[in-house]
Amino acid sequence: MRKLVGVLLSFTMCAGVAFSANAETLEEAQQRQKELQEQKEAAEQELDSIVSEINEMQEKLETKEAEIETAENDLIQAKADESEQYESMKIRIKYMYETGGVQFFEVLAQSSSIGDFLNNAEYVAQLSEYDRAELIKYQETVQEIEDKEAALELEYEELDALRNELIDKQAEVEAELADNEEELAEVQTLIDDAKRRQEEQRQSGGNFSGSYTGNVVSGNGYFTHPCPGMTYQSSYFGEIRSFSSRPHTGNDYAAPTGTPTYAAASGTVIAATYSNSAGNYVAISHGNGLVTKYMHHVSICVSAGQHVEKGQQIGWVGSTGNSTGPHLHFQVEENGVPVNPDKYL
């Protein structure tokens, strides 16, 4: 149960806040939703087990209550038998010793119980073997029943304490499940909103009708500039920005929405699609493990599998996906590892 509670305490992490702060992609939020659902199902199974244990414990308590009641009745009957036997013995002994046994009878009459009387060993020795055995048997029976009743009471208290502990854990798990349901609802809302924005961005991209240009090649580097119409460079490779702890993986070129973007070098388009983080993006393979990526377009004008030339237009600047304003994110990778684009420009 401690493990379960530890697992369930993790539900208190606020995935919704992280997502709204652009710390999660749609795919990550969906994965979080899957994990929450799995945790919920596990907690529900554990809750069913706890409820089953509580019901089983309640049945044991009821059985133990019946045993205690029986033991109490047995104890009362045993004490009644003991008392009757003692009174009967006093009458018999009175007549047995009414002549010559006055001291013995006085001791017997002054004894408050069989136990008190039996403690006077010198007088017990004067009883008949049968009477002495009967007295001792009743005394032992009473003691045995008292011990049994005490043991049953102890078992009952332990069972009751365990049941109360289970009830507390049940309430704890139910509270965590309620928190989990709330977080699931928040994540689902965020996913729905993200999908809606994604569809809106796709629709806006599909409705965008920018003008096409011919091939535009600038500079003397291996790559031509992918956005020569930029206003300024808003972010640099390796930069640590205020809203992220990870180094930036490319260069950002701020430009008005609709500014044309171009293939940095000739190659094959390996992706021309949409993602929640990159928006409308294009990826081009130039061979030998060299790949360029172009993100956040309002619209793109190439498709996967298409061959493009250096400086060929591939789309128009936008602010789709995880973006704070219209710009082109240009990323260069060597064998899957981002490198400084300036190396090729």
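Residues numbered from 1 in each chain as written. Predicted model: local features only at pLDDT ≥ 70, side-chain atom pairs only at ≥ 80, totals over all residues. Heavy atoms only, no water.

Novice: Quick question: what am I supposed to make of the pairing of strand β8 (residues 313–317) here?
Specialist: Burial runs high along β8: five of the five residues are buried. Where strand β3 (residues 260–262) lies against β8, three bridges are found, and the strand directions are antiparallel. The residue of β8 that forms the bridge with T261 is G315. Here three bridges tie strand β6 (residues 290–300) to β8, and the two strands are oriented antiparallel to one another. Within the sheet, the bridge partner assigned to I300 lies in β8 and is G315. (Buried < 20%, exposed > 50% of the residue type's maximum accessible area, 1.4 Å probe, protein only. Helix = DSSP H or I, 4+ residues; strand = E, 2+ residues; numbered from the N terminus. Pairing = 2+ DSSP bridges.)

Novice: Hey, could you run me through the packing of aromatic side chains in this one?
Specialist: Aromatic ring pairs: the centre-centre distance and the angle between the two ring planes describe each pair. Following the criterion strictly, the structure yields six aromatic pairs and no others. With 6.2 Å between their ring centres and 55 degrees between their planes, Y222 and Y344 make a pair best called tilted. With Y222 in the loop between α7 (129–207) and β1 (232–235) and Y344 in the segment after β10 (337–339), this pair connects stretches of sequence that are 122 residues apart. Residue classification places Y344 among the buried residues on the basis of a relative accessible area of 16%. Through a chain of ring-to-ring contacts, the aromatic side chains of Y222, F223, Y294, F330 and Y344 assemble into a single cluster. (Phe/Tyr/Trp six-rings, centres within 6.5 Å; stacked < 30°, edge-to-face > 60°.)

Novice: What exactly am I supposed to notice about the confidence of the model for the protein here?
Specialist: When pLDDT is low, close inspection of the predicted coordinates is not appropriate. On average, residues of the protein carry a pLDDT of 80, and 75% of them reach 70 or more. Under a pLDDT of 50 for its full length, residues 1–23 has, in the predicted model, 39 contacts with residues more than four places off or in other chains. (pLDDT = per-residue confidence, 0-100. Contact = heavy atoms within 4.5 Å.)

Novice: Just to check I follow, could you spell out the pattern of salt bridges for this structure?
Specialist: Oppositely charged side chains are able to pair whenever their charged atoms sit close together. In this structure the tally under the stated criterion is eleven salt bridges. In this structure, K40 and E181 form a salt bridge, with 2.7 Å as the shortest nitrogen-oxygen distance. Taken together, the residues span a long stretch of sequence, with K40 in helix α3 (residues 26–96) and E181 in helix α7 at a distance of 141 residues. A relative accessible area of 13% means that K40 is categorised as buried. Among the ionic pairs, D252 bridges to R241, the shortest N-O distance being 3.6 Å. Of this pair, D252 sits in strand β2 (residues 251–254) while R241 sits in the loop between β1 and β2, placing them eleven residues apart in sequence. Overall, D252 belongs to the buried group, its relative accessible area being 5%. What you see here is one network of salt bridges that share partners, running through R32, E35 and E183. (Salt bridge = Lys/Arg side-chain N within 4 Å of Asp/Glu carboxyl O.)

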